[in-house]
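Spelled out from the first residue to the last, the chains are:
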Amino acid sequence: MYAQLGFDAVRFRLRFLLQEIDLMPGATTIGRSASCQITIDDPLVSREHARINVEGGRAFVEDLGSRNGVAVNGKLVEDRVELADGDRVRVGSQELVLCSVGVTATEKTQRRTTGFMCHCAGCGIPYPAESPVCPACGSTERQPQEDTLAGARSDRDWSLELATEAMTRALDKRSWEDVERLLLRARLHIEQRLADGGRVDRRPLQGVADAAVALASATGELAWVRWSLGLYATLAQTPPSRLAEGLSGFPPAVRDTLAPAVRHVVETITERGGPSPEDRASYEQLVVLARER
């Protein structure tokens, strides 16, 4: 196809977070080990997790026997799979997007290791600017430039959403060590985002709260529940009903221990004018818990 369009070769790039990495001919290993060409610090990523091979103008991905597998466009792969432009490769909690670009003979002598991202107006996910459609939802609409990398960032925190998806998988496996590592990662990300003046979307925040309650129920570790309640107090947001329901299921002595943190959430919400109508039921549950002792 590229030859018909006047290109002499095809170059592959891998979009990861806000970086663009050129894939050289041959093998590129992805994993948690520093010996990999692409190193991802993620507890759900194996030391040597996946390999992408560029051969004869084609790119292939394969799982290297990882614990959590490799998914292409949401489907776990079992054998070596050929990748096409815009394909999404999930490794651990991270999503990488393959981009293929036609290269002229002149351009073959030039290397470019970083590029441009745009944000989808439909779902907020960043994707390669040269891609005609969003690889996540298929929308052709993009956010205005001032709302992407050049200015205010999108309120949708797609990186945190991926982390909470990974938490859900770790919870399903009852891998509490991975849950705690992911909570630590989420905490650092959230606190940095708030320090930079950004906002935290309620959807992934609920996933963080769910993980904190599940970890406490399984291990008795309450620190993450306290932190989660403190975060809701800082944001003056009403936690979801399932958080209050989870706290209600703790033994009385544990509820007594958490009552001061719950009262703090109730107080901050009240000071900001009270809960919204859709949050009223959850707020009332918190009021009951705040009266413990």
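Residues numbered from 1 in each chain as written. Predicted model: local features only at pLDDT ≥ 70, side-chain atom pairs only at ≥ 80, totals over all residues. Heavy atoms only, no water.

### Quick notes on the sheet that holds strand 3 (residues 26-31)
Paired through backbone hydrogen bonds, the strands of a sheet run either parallel or antiparallel to each other.
Phase 1 of the analysis: With mixed pairing, five strands are arranged side by side in an open sheet as 4-3-5-6-9. Because the sheet does not close on itself, it has two edges, and the strands there are strand 4 (38-39) and strand 9 (81-83).
Phase 2 of the analysis: Pairing of strand 5 (residues 50-55) with strand 6 (residues 58-63), which is carried by six bridges, proceeds in the antiparallel orientation. From the neighbouring strand, Asn53 faces strand 6, where its bridge partner is Phe60. (Pairing = 2+ DSSP bridges. Helix = DSSP H or I, 4+ residues; strand = E, 2+ residues; numbered from the N terminus.)

### Section: the pattern of salt bridges
Phase 1 of the analysis: In total, this model carries 14 salt bridges according to the counting rule given.
Phase 2 of the analysis: A salt bridge links Arg11 to Asp22, with the nearest nitrogen and oxygen atoms 3.8 Å apart. In this pair, Arg11 sits in strand 1 (residues 9-16) while Asp22 sits in strand 2 (residues 19-23), placing the two residues eleven residues apart along the sequence.
Phase 3 of the analysis: The exposure class of Arg11 is buried, given its relative accessible area of 13%.
Phase 4 of the analysis: Linking Arg181 and Glu177 is a salt bridge whose minimum nitrogen-to-oxygen distance equals 2.4 Å. Remark: Glu177 and Arg181 occur in helix 2 (residues 176-195); sequence separation between them is four residues, near one turn of the helix.
Phase 5 of the analysis: Each member of the salt-bridge network shares a partner with another, and the members are Arg11, Arg13 and Asp22. (Salt bridge = Lys/Arg side-chain N within 4 Å of Asp/Glu carboxyl O. Buried < 20%, exposed > 50% of the residue type's maximum accessible area, 1.4 Å probe, protein only.)

### Some points on the packing of aromatic side chains
Phase 1 of the analysis: For the structure on display, the rule yields one aromatic pair.
Phase 2 of the analysis: Measuring from centroid to centroid gives 5.7 Å for Trp224 and Trp227, while their planes differ by 85 degrees, and the two rings are edge-to-face. Taken as a pair, Trp224 and Trp227 lie in helix 4 (residues 223-235) at a separation of three residues, close to a single helical turn.
Phase 3 of the analysis: We classify Trp224 as buried; its relative accessible area is 8%. (Phe/Tyr/Trp six-rings, centres within 6.5 Å; stacked < 30°, edge-to-face > 60°.)

### Side note on the side chain of Asp279
Phase 1 of the analysis: Along the chain, the position of Asp279 falls in the loop between helix 6 (252-271) and helix 7 (280-290).
Phase 2 of the analysis: If we skip the residues at most four places from it in the chain, Asp279 touches Arg202 and Thr238. (Contact = heavy atoms within 4.5 Å.)

### So, the nonpolar core
Phase 1 of the analysis: Ranked by size, the top nonpolar core spans 42 residues in total, and within it Leu183, Ile190 and Leu247 carry the most contacts.
Phase 2 of the analysis: A per-element tally of this core places helix 3 (residues 202-219) first, with eight residues.
Phase 3 of the analysis: Excluding its chain neighbours within four sequence positions, the residues that come into contact with Ile190 are Leu160, Val200, Leu205, Val208, Trp227 and Leu231.
Phase 4 of the analysis: Listed in part, the 21 residues of the second largest apolar core include Ile38, Ala59, Val72 and Leu83. (Core = buried A, V, L, I, M, F, W, Y, C linked by side-chain atoms within 4.5 Å.)

### Some points on the packing of helix 3 against helix 5 (residues 241-248)
Phase 1 of the analysis: One can describe the packing of helix 3 onto helix 5 by two numbers: an axis separation of 10 Å at closest approach and a directional angle of 10 degrees. On the basis of the axis angle, helix 3 is roughly parallel to helix 5. Between helix 3, through Gln206, Ala209, Asp210 and Val213, and helix 5, the contact on the second element is made entirely by Arg242, Leu243 and Gly246.
Phase 2 of the analysis: Here the contact of helix 3 with helix 5 is built from residues that sort into three nonpolar, two polar and two charged. (Axes fitted to C-alpha atoms, helices over the stretch in contact; angles between N-to-C directions. Parallel < 35°, antiparallel > 145°, perpendicular 65-115°, else oblique. Nonpolar A, V, L, I, M, F, W, Y, C, P; charged D, E, K, R; others polar.)

### Let's talk about the packing of helix 6 against helix 7
Phase 1 of the analysis: For the pair helix 6 and helix 7, interaxial distance at closest approach is 8 Å and the crossing angle is 135 degrees. Classified by the angle their axes make, helix 6 and helix 7 are oblique. In terms of crossing hand, the pair formed by helix 6 and helix 7 is left-handed. The segment helix 6 lies against helix 7, with Arg255, Ala259, Val262, Arg263, Val265, Val266, Ile269 and Thr270 engaging Tyr283, Leu286, Val287, Leu289 and Ala290. (Left-handed = near helix turned anticlockwise from the far one by under 90°.)

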